[in-house]
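# Notes for the structure review
Each chain, letter by letter, is given below.
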Amino acid sequence: MKLTTVVCSAILIAFGVLAAVYALSGFDLLLFFCAGNLIVYRALLSLAGVAALWLLFWLIAFRPLKFLS
């Protein structure tokens, strides 16, 4: 379960970097990596959504920040 969380975090960080490149330059690096294939592009975007939902579940279920205060 810890490995899944680390992988999902890495996916979201990578998508965040790709989104920052797109926001700052206007060049869609993810679409470039997908070679212009919109089906693969949308599949990778849905992967980011699943990773975000997994991390939301993990934060609610295991409450890793409970003992910070």
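Scroll up to find the structure.
Residues numbered from 1 in each chain as written. Predicted model: local features only at pLDDT ≥ 70, side-chain atom pairs only at ≥ 80, totals over all residues. Heavy atoms only, no water.

## Overview of the nonpolar core
Counting 10 residues, the largest nonpolar core is built from Cys 8, Ile 11, Phe 15, Leu 18, Leu 30, Cys 34, Tyr 41, Ala 48, Ala 51 and Leu 55. Those elements that place two or more of their residues in this core are helix H1 (2-25) and helix H3 (38-62). When neighbours within four sequence positions are excluded, Leu 18 is seen to be in contact with Leu 29, Leu 30 and Phe 33. (Core = buried A, V, L, I, M, F, W, Y, C linked by side-chain atoms within 4.5 Å. Buried < 20%, exposed > 50% of the residue type's maximum accessible area, 1.4 Å probe, protein only. Helix = DSSP H or I, 4+ residues; strand = E, 2+ residues; numbered from the N terminus. Contact = heavy atoms within 4.5 Å.)

## A look at the environment of Leu 38
As for its position among the elements, Leu 38 is in helix H3. For Leu 38, a relative accessible area of 53% translates into the label exposed. Expressed as a C-alpha distance, the spacing of Leu 38 and Gly 16, which sit 22 residues apart in the sequence, is 19 Å.

So, to be careful, I would describe these as geometric facts and stop short of saying anything about function.
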